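Descriptive structure summary
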Amino acid sequence: MTPKVAIRGLYKIFGADDKAMVPLVQGGMDKSTLLSAHRHVLGLCDINVDMQAGEITVIMGLSGSGKSTLIRHLNRLIDPTAGEILVDGTDVMALDAAQLRSMRQKRMSMVFQKFALLPHKTVLENAQLPLSVQGADAATQDAEGRKWLARVGLDGFEGRYPAQLSGGMQQRVGIARALTANTDIMLMDEAFSALDPLIRTDMQNLLLELQKELQKTIIFITHDLDEALKLADHLVILKDGAVVQQGEPQGILLHPADPYIEDFVSDINRARVLRVRSVMRPLQGEQFNGDVDANSNLEEMIAKSDGDTSHIYRVTENGETVGQLDMKDLVKALVPRLSGTHAAN
Amino acid sequence: MARYAAFFDTLGLRDWCDADKVDAPVSMAQLLAQAQGGDAAVDAPGLPFPSLDTLHEACARIGQTRDLTEGLENGFLAIRSELKFVLDPITQPLSWMLDGTLFVFESAPWWAMMPALLLLTWLVSRSRSVTWFVAFVLLFFAFIDHYEVAMQTLAIVFVCTGISVLFGVPIGIGMSKSDTAQRSIVPLLDLLQTLPTFVYLIPLIFLFSVTESKLYGIAIILYAIVPVIRLTDLGIRLVDRDVIEAANAFGLTAWQKLMRVELPLAMPNIMAGVNQTIMMSLAMVVIASLVSAPGLGVLVLRGIRALDLGVGIVAGLGIVLLAVVLDRVSKAALNRVDTRAKTK
């Protein structure tokens, strides 16, 4: 399957003579040497990521890891120093100004951390922005704007101004604006980071709900691992401008590639994040204490077994038996593996 | 007594110095003494700075400072007719606009003009108290027989502010888009703001006839256009970068970005600039009356010339009153623009 969006060998170096620095970095020079010896800042280093259509790709990293820089390369708000960005197979770098504008209008929409709504326009006018930029007629603009505002739960607020809404509601307008553009790719730059924890959970649920229905290709940036694990179909972890590990989130949690990731995932409530399908074994026995769904999380299993580790369950998915779950395996999976014990295994 | 004569002698330049010796025009010291009505002090003791005038005493070949100023004047006079040929037609519409507006403001009967101005105030400010205040001031001017001169001043301020905004806003936009433009225009704006007004009145008088209204029009505009340019530039540069980024991300063209995002968000700053421009053009009205601008300034001038204290003070306070009116109205307009952007 060809990816919807592919990043190939992407480098971003900040400085006056950035192109000349690429061979040095490719030759293995690290960030601090580059800064001290050549006064250039290494932003992104050899990024290769495939983003599949209809999936949520979460790029996560701490501040300064280059995640916001990376997402801005996709619609070329920032130009790369070297490398390719392929959207449906076409190189974004090859686009001229008009083609680039058309791509931003019709192929990719964006949701921002600080909402970035137009303060002098009403909520409805803000939601209509992508269509009015494209020159759609007033009736379409109105209908689409209202439809998506209602979809994100903002009907009745069309005539308000952004400053009259709470942060969560403003970001709903931001999402409605991105949806009105009717693009198949959505870029979300720390979209929920500025919101209170409870509202953040609401918004995550809203996004998952919308995604189930719309099947967009979403690229989501966050610094919050819980959020990343909740949303991601494909998780990319960035550190100092380079990808440390990428893959299916459960896999990363169970098999962290290096001590940095181990550290990272050690504080996570694994019982809530890990799912039965990630810890089950192939079917062997015949005696089972019951049937469980492959997508239940381990927390639900502990409740179901009432804490009894001798239980073994049959795992089903869509009515078919796919394996068995030994509660002892489940308990082991709850303990994060550290490098030392990892080697002993 | 030429103190530096020995210097030229040692260098063996005496012959060169004394060749075709002519009588010196005037030194700067003599010029200043002339202006103050005394004689130039002859050779103060000590070592004078080797300035052009001092060196000229020692060596006639070296020009005096007076030659510099005269050269400047001659240079200006040499290109004067060409300059006039170019500038005259370009600035002619300004004369027409000033004369036309003055004619309208003078000839419209007071019972039509006052309601029209009040309506304008209401439309711009949407404030009951400001409109009442303007009504009171207009009636006051009419009551003390200063209505006509006040209208003349108002007409001049309207035209000059209008033209300042017309040119100032685009220049400000240009400056905000290019750092090079900003770097080159800012010194010019500093110059316009600090150059004593009379200094640019002098070349203007050489260029245009004093009877033409564009003469004072240009003087006022040059002085008053500065704040609207500065604040347009500032306003656009201060627009939230996140919003600009969002505009880029949704594929707005440069023109759409300017009209839908940058100008509306910079509007409070631009309006503050317009307010300052109005104030500064009003401040120039008195000086402009030196070169035949009609209005309250003429009365102030008369107060100075004829030592007519009462006339001068009433007209001066009239200008203050007009300034307060224009300030309140434009501030009310600014507030209206400002609050719509935030909350109702």
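Keep in mind that what you see is a predicted model, and the values were worked out from it rather than measured.

Bringing the overall build of chain B into the picture now. Of regular secondary structure, chain B possesses 15 helices and zero strands. Relative to the globule expectation of 20 Å for 344 residues, the C-alpha radius of gyration of chain B, 27 Å, shows a markedly less compact shape. Taken along its principal axes, the extent of the C-alpha atoms in chain B is 85 × 60 × 40 Å. Counting across all 344 residues of chain B, residues that qualify as buried make up 32%.

Each helix and strand counted, chain A has 16 helices and 13 strands in total. Here the C-alpha radius of gyration of chain A, 23 Å, is about what a compact globule of 345 residues would show, namely 20 Å. C-alpha atoms of chain A, sized along the principal axes, occupy 65 × 60 × 35 Å. Each of the 345 residues in chain A was classed as buried or not, and the buried ones make up 38%. For chain A, restricting intrachain contacts to residue pairs at least 6 apart in sequence, the fraction spanning at least 24 positions comes to 67%.

This paragraph deals with the interface of chain B and chain A. On the side of chain A, 21 residues touch chain B, which itself brings 19 residues to the contact. Residue contributions to the side of chain B that touches chain A peak at six residues, all from helix α12 (residues 241–249) of chain B. Broken down by class, the residue content of the side of chain B that touches chain A amounts to nine nonpolar, five polar and five charged.

Before going further, it helps to spend a moment on the sheet that holds strand β5 (residues 90–91) of chain A. Residue and element names in this part refer to chain A. Pairing within the open sheet is antiparallel, and its four strands lie in the order β2-β1-β4-β5. Edge strands, defined here as strands with exactly one partner in the open sheet, are β2 (41–51) and β5. Where strand β4 (residues 82–87) and β5 come together, two bridges link them in antiparallel fashion. Among the inter-strand pairings, V87 is bridged to a residue of β5, identified as T90. Taken strand by strand, helix α3 (residues 67–74) contacts β1 (5–14), β2 and β4, and its axis lies near 60 degrees from that of β2.

Attention now goes to the confidence of the model for chain B. Across chain B, the average pLDDT comes to 87, with 93% of residues at 70 or higher. Here the predicted complex carries an ipTM of 0.84, next to a pTM of 0.82.

This part covers the confidence of the model for chain A. For chain A, mean pLDDT is 88; residues scoring 70 or higher make up 97% of the total. Here residues 340–345 of chain A is modelled with pLDDT under 50, and outside its nearest four sequence neighbours on either side it reaches one contact, counting other chains as well.

Looking now at the environment of A:R146. Residue and element names in this part refer to chain A. Turning to its location among the elements, R146 is positioned in helix α6 (residues 138–151). When the C-alpha positions of R146 and E158 are compared, they lie 7.4 Å apart, and in sequence the two are twelve residues distant. Apart from the residues within four sequence positions on either side, R146 is in contact with L124 and E158.

All names here are of chain A. Between helix α5 (residues 123–134) and helix α7 (residues 167–180), the least distance of the axes is 7 Å, while the angle of their chain directions is 30 degrees. By the angle between their directions, the pair α5 and α7 is classed as roughly parallel. Relative to α7, α5 is oriented so that their crossing is right-handed. Across from V123, N126, A127, Q128, L129, P130 and L131 in α5, the residues of α7 making contact are V173, A176, R177 and T180. Of the residues that constitute the contact of α5 with α7, the class distribution is seven nonpolar, three polar and one charged.

Let us now look at the nonpolar core. As a rule of thumb, nonpolar side chains are buried together in soluble globular proteins. Ranked by size, the top nonpolar core spans 151 residues in total, and within it A:V58, A:I59, A:A176, A:M188, B:I220 and B:V285 carry the most contacts. Sequence-distant contacts of B:V285, that is, excluding residues within four places in its chain, are made with B:T153, B:I156, B:A293, B:G295, B:L296, B:G297 and B:I319.

All names here are of chain B. The N-to-C vectors of helix α8 (residues 147–177) and helix α14 (residues 296–305) enclose an angle of 115 degrees; their axes lie 7 Å apart at closest approach. Packed against α8, whose contacting residues are V149, A150 and T153, the element α14 presents L296, V298 and L299 at the interface. For the contact of α8 with α14, the residue count by class is five nonpolar, one polar and no charged.

Take the pairing of strand β13 (residues 320–326) of chain A next. Residues and elements named next belong to chain A. Pairing of strand β12 (residues 312–317) with β13, which is carried by six bridges, proceeds in the antiparallel orientation. Each residue of the ladder has a partner; that of I312, found in β13, is D326. Here β12 folds back onto β13 in antiparallel fashion, the turn holding two residues, of which N318 has a positive phi close to 55 degrees.

Quick look at unusual backbone geometry now. All names here are of chain A. At A116, a position not held by glycine, the phi torsion is positive, near 55 degrees. Mapped onto the elements, A116 comes out in the loop between β6 (108–111) and α5. Positive phi values are uncommon outside glycine, yet N318 reaches one of about 55 degrees.

All right, on to the environment of B:D308 then. For B:D308, the location among the structural elements is in the loop between α14 and α15 (309–341). In contact with B:D308, not counting residues within four places along its chain, are B:R302 and B:G303.

Another aspect to go through is the sheet that holds strand β11 (residues 291–293) of chain A. Hydrogen bonds between backbone atoms are what pair the strands of a sheet, whose relative direction is either parallel or antiparallel. Residues and elements named next belong to chain A. Spatial ordering of the open sheet is given by β11-β12-β13, a layout of three strands whose pairing is mixed. Each edge of the sheet is formed by a strand with only one pairing partner; in this case those strands are β11 and β13. With strand direction ignored, the average angle separating the axes of adjacent strands in the sheet is 40 degrees. Across the face of the sheet, helix α15 (residues 327–334) comes into contact with β12 and β13 while running at roughly 70 degrees to β13.

Analysis parameters
Residues numbered from 1 in each chain as written. Chains lettered and ligands numbered in written order. Predicted model: local features only at pLDDT ≥ 70, side-chain atom pairs only at ≥ 80, totals over all residues. Helix = DSSP H or I, 4+ residues; strand = E, 2+ residues; numbered from the N terminus. Rg over C-alpha atoms; globule rule 2.2 N^0.38 Å. Buried ≥ 20, exposed ≤ 12 C-beta atoms within 10 Å, placed from the backbone. Contact = placed C-beta atoms within 7 Å. Nonpolar A, V, L, I, M, F, W, Y, C, P; charged D, E, K, R; others polar. Pairing = 2+ DSSP bridges. Axes fitted to C-alpha atoms, helices over the stretch in contact; angles between N-to-C directions. pLDDT = per-residue confidence, 0-100. Parallel < 35°, antiparallel > 145°, perpendicular 65-115°, else oblique. Left-handed = near helix turned anticlockwise from the far one by under 90°. Core = buried A, V, L, I, M, F, W, Y, C linked by C-beta atoms within 7 Å.

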